[in-house]
Amino acid sequence: SVGVKTCDEVNMELLQRWIQRLITDEGANLYRYKGVIAVKGIEEKFVFQGVGMLFSGGFHGRWRAREVRESRFIFIGRNLDKQSLIAGFEACAANRKLRFAVGDTVLANVGRWKEGVILAQWDLGNAYRIELNDRQKSNVWAPIDADQYVRAVEV
């Protein structure tokens, strides 16, 4: 079995991708797994559990005022690569400074690049909420702080 506990909050999009990849690649070796995760920008705990390739997870219960927001999980199985599991989880951490500040003008990928303004950081678990410069002032989210989702306006 492999267990991990950390005070880092995680990026929900990266966590979902990691869990999906893990279940797909290692599902036959996973007997049981469960965890409680602190997602950056969300006040509820993300609780998950699973058996093999069957996964269930969702937000349940708010973090209490004095409760430490920590993430912890355990995987029980055979031939589990402890270092790989730890590294994969740590790669989901949302502990790096975001590139853009609230108020910055950026380009958002909405199928094509559209100009917008950063309205919020870590909104509903997404790295950015962006208001597009369109007639509707549409709001979109960039789940990860990466050029494939949001990039600087070229000057």
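Read on for an overview of the structure.

What counts and what doesn't
Residues numbered from 1 in each chain as written. Predicted model: local features only at pLDDT ≥ 70, side-chain atom pairs only at ≥ 80, totals over all residues. Heavy atoms only, no water. Disulfide = S-S within 2.5 Å. Buried < 20%, exposed > 50% of the residue type's maximum accessible area, 1.4 Å probe, protein only. Salt bridge = Lys/Arg side-chain N within 4 Å of Asp/Glu carboxyl O. Helix = DSSP H or I, 4+ residues; strand = E, 2+ residues; numbered from the N terminus. Pairing = 2+ DSSP bridges. Axes fitted to C-alpha atoms, helices over the stretch in contact; angles between N-to-C directions.

1. Topic: the state of the cysteines
The bond known as a disulfide is covalent and runs between the sulfur atoms of two cysteines.
Here is step 1: Under the criterion given, the structure shown has zero disulfides.
Here is step 2: Here Cys7 stays free of any disulfide, with the sulfur of Cys92 as its closest cysteine sulfur at 16 Å.
Here is step 3: Looking at Cys92, the relative accessible area reads 2%, which means it is buried.

2. With respect to the pattern of salt bridges
Here is step 1: Counted under the stated rule, the structure contains 10 salt bridges.
Here is step 2: For Lys5, the salt bridge goes to Glu70, with nearest N and O atoms at 4.0 Å. Separated by 65 residues along the polypeptide, Lys5 in strand 1 (residues 2–6) and Glu70 in the loop between strand 4 (54–62) and strand 5 (71–77) bring together distant segments of the chain.
Here is step 3: Overall, the relative accessible area of 14% leaves Glu70 in the buried class.
Here is step 4: In this structure, the salt-bridge partner of Arg99 is Asp145, at a minimum N-O distance of 2.7 Å. You can see Arg99 sitting in the loop between helix 2 (82–90) and strand 6 (105–109) and its partner Asp145 sitting in the loop between strand 9 (139–142) and strand 10 (150–152), a full 46 residues away along the chain.

3. Focus: the sheet that holds strand 6
Adjacent strands of a sheet pair through backbone hydrogen bonds, lying either parallel or antiparallel.
Here is step 1: Strand order in the open sheet formed by five strands is 9-8-7-6-10, and the pairing between neighbours is antiparallel. Of all the strands in the sheet, just strand 9 and strand 10 have a single pairing partner and so form its edges. Averaged over all pairs of adjacent strands, the angle between strand axes in this sheet comes to 45 degrees, irrespective of strand direction.
Here is step 2: Pairing of strand 6 with strand 10, which is carried by three bridges, proceeds in the antiparallel orientation. Residue pairing for strand 10: Ala108 is matched across the bridge by Val150.

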